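Chain by chain, the residues run as shown.
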Amino acid sequence: MTPPKPAETQTATLAEIAREAGVSAPTVSKVLNGRADVAPATRTRVEELLRAYGYRRRRAEASRSPLIDLVFHELESAWAMEVIRGVENVARDAGLSVVLSESAGRLTPGRTWADQVAARRPHGVVLVLSGLDESQRALLLSRSIPFVVMDPAGDPGPDVPSIGATNWQGGLAATRHLVELGHRRIGAISGPSRMMCSRARVDGYRAALETAGLPVDQRLVKAGDFHHDAGYRLGLELLRMPDRPTAVFTGNDLQALGLYEAARELGLRVPEDVSVVGFDDLPVARWVGPPLTTVRQPLTEMAEAAARLVLEMGRAAEATTATRVELATSLVVRSSTAPPATG
C-alpha cells in the first residue's frame, strides 16, 4: 500500500487548480508567487484553492526582500517618529530597511496594500494602531509574511501577535497623582472612543476617582482625537464651565499642548489655575513651558519589541503561538501639576 502523502505535499497540479478556478495556469503561478497584477476576486478564489490543496510556501530567507513594512493609520506627529526610530533601530541591526505606509486614518490598510506587500516579500509587517481584514490576513499568511500589531486600535484577536502598553494603569496613575495633590474636580480629554488604548486610559481615570470616593461627572469627560486641535477646542469647553475643573488628564501629550493654548487664551495659568497631565512623554513634553507632567509610554521600546517579534516569527520553522506583550507605563512628574488654588 502506498503511504499517505504528508499534509504539506501538494495534492493537485497548478493546471488542475487553474481549471477548477476557471483561470489560466500562469495566473495561478502569479498568485503563488505574489505578483500584484491579478484581480482581487480572482486572487481570493485561487488562494482558497491553494490552501485547500495544501500548497504552503517554504520560509526561505533568501526569497525575502531585505525590508520591514511599517504601517501607520496616520503619519503626522512626533508620536510616529518615536515608533519609526524603534523599528529602524532593529532593522538596522538586522541589515534591513524600513518601508513606510499610511492608511489615511483608516484602521485597516487600503485594498491594494496587501498585494503590494506580497509583491515586495518583506521579512515582516508591523502595523501601528491598525489591523487587517480577513482577506489581507489570508494573503500574508499564504506568503508566510509574519505581521505584528503595535498598540492595536481594537481587539486584535487571540491569533494576532501584538505589542501594547499598560494604558489602564497609566490613566490610573495620572488621575491618582491629581487626587493626591488635592484636586476633586478633574476633567479628562480622551482619544477616539473606537481605540482600545483610549478607552483603557479613561477607564483608569474613572477607577482612580471611584477608588478615592469621588464622583465621575460625565460633563467633565470629553472625547478627543489625539490631535492638538481637539485639546484646544475641548479645553475651551472645560475651562469655560462655571464650575470648571481644577485639573485635566489628557489622553496624549498633543492634546495637553492644545489645552495649554486654551488656558492661555482664557488668561489661566498652568499649574496655578489648572493642572495638566498628558500621556506619551514625547520629547516636547520636556521643552514646553511649564514642562509637562505626563505618563511615559515607552514608544521606542514598544516599536523595537514589535520589530524583533516579527523577525523572530519569520525565522521560526513553524507557526508560533500568538503573543500579547504589554510594556509598563510610568508617571513622570514635572511642573504642570500642583495643588489646587485655595479660594
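We now turn to the structure provided with this report.

About the cut-offs
- Residues numbered from 1 in each chain as written.
- Predicted model: local features only at pLDDT ≥ 70, side-chain atom pairs only at ≥ 80, totals over all residues.
- Heavy atoms only, no water.
- Helix = DSSP H or I, 4+ residues; strand = E, 2+ residues; numbered from the N terminus.
- Buried < 20%, exposed > 50% of the residue type's maximum accessible area, 1.4 Å probe, protein only.
- Contact = heavy atoms within 4.5 Å.
- Areas by Shrake-Rupley, 256 points an atom, 1.4 Å probe, with all protein chains shown as cover.
- Phe/Tyr/Trp six-rings, centres within 6.5 Å; stacked < 30°, edge-to-face > 60°.
- Lys NZ or Arg CZ within 6 Å of the ring centre and 35° of its normal.
- Salt bridge = Lys/Arg side-chain N within 4 Å of Asp/Glu carboxyl O.
- Expected span 1.5 Å × (residues − 1).
- Pairing = 2+ DSSP bridges.
- Axes fitted to C-alpha atoms, helices over the stretch in contact; angles between N-to-C directions.

This part is about the overall build of the chain. Along the chain, the regular secondary structure elements total 12 helices and 12 strands. Every one of the 343 residues in the chain was classed for burial, and the buried ones make up 53%. Contacts in the chain between residues at least 24 apart in sequence constitute 74% of all its contacts with a sequence separation of at least 6. Accessible area of the chain: about 15,600 Å², with a carbon and sulfur share of 53%.

What follows deals with the packing of aromatic side chains. Applying the stated criterion across every chain yields a total of one aromatic pair. On the numbers, 6.5 Å between centres and 55° between planes, the contact of Phe-249 with Phe-279 is tilted. Residue Phe-249 is located in strand S8 (residues 247–250), and its partner Phe-279 is located in strand S9 (residues 275–280); the two are separated by 30 residues in the primary sequence. Take Phe-249 and Phe-279: they sit in the same class, and that class is buried. A cation sits over an aromatic face here: Arg-201 above Phe-279, 3.8 Å from the ring centre.

Taken as a whole, this structure holds 14 salt bridges when the rule is applied. Taking the shortest distance from any N to any O, the salt bridge between Arg-85 and Glu-82 comes out at 2.8 Å. With a gap of three residues between them, Arg-85 and Glu-82 both fall in helix H4 (residues 78–93), about one helical turn apart. For Glu-82, a relative accessible area of 16% puts it in the buried group. Residue Arg-219 pairs with Asp-243 through a salt bridge whose shortest N-O separation is 3.8 Å. Of this pair, Arg-219 sits in the loop between helix H8 (196–211) and strand S7 (221–223) while Asp-243 sits in the loop between helix H9 (228–239) and S8, and the two are 24 residues apart along the sequence. A relative accessible area of 47% places Arg-219 in the partly exposed class.

A word on helix H10 (residues 253–265). The end-to-end C-alpha distance of H10, which contains 13 residues, comes to 19 Å, matching closely the 18 Å that a straight helix rising 1.5 Å per residue would cover. Most of H10 is tucked away: 10 of the 13 residues are buried. All of the buried residues along H10 are Asp-253, Leu-254, Gln-255, Ala-256, Leu-257, Gly-258, Leu-259, Tyr-260, Ala-262 and Ala-263. Along its buried surface, H10 packs onto strand S6 (186–190), H9, S8, S9, helix H11 (284–287) and strand S10 (293–296). Within two residues after H10, Gly-267 carries a phi angle of roughly 75°, on the positive side.

With that out of the way, let us pick up unusual backbone geometry. In the segment running from Val-270 into Pro-271, the intervening peptide bond is cis, with an omega of 10°. Secondary-structure assignment places Pro-271 in the loop between H10 and S9. Across the junction of Gly-289 and Pro-290, the peptide omega takes the value -10°, indicating a cis bond. Position of Pro-290 among the secondary structure elements: in the loop between H11 and S10. Look at Arg-121: it is not a glycine, yet its phi comes out positive at around 55°. Within the secondary structure, Arg-121 is located in the loop between helix H5 (113–120) and strand S3 (124–128). Residue Phe-226 is not a glycine yet carries a positive backbone phi of 75°.

As summarised here, the arrangement of the six strands in space is S7-S6-S8-S9-S10-S12, forming an open sheet in which the pairing is mixed. Where the open sheet ends on each side, the last strands, each with one partner, are S7 and strand S12 (330–332). Ignoring which end each strand starts from, the neighbouring axes of this sheet average 20° apart. Looking at chain direction, S10 and S12 are connected through three bridges and run antiparallel. Opposite Arg-296, over in S12, you have Ser-330 as the bridge partner. Together, S6, S8, S9, S10 and S12 form the strand contacts of helix H7 (residues 167–180), whose direction differs from that of S9 by roughly 165°. Packed onto the sheet, H10 meets S6, S8, S9 and S10 and runs at close to 155° relative to S9.

Remember, this is a structural readout, not a statement about activity or role.
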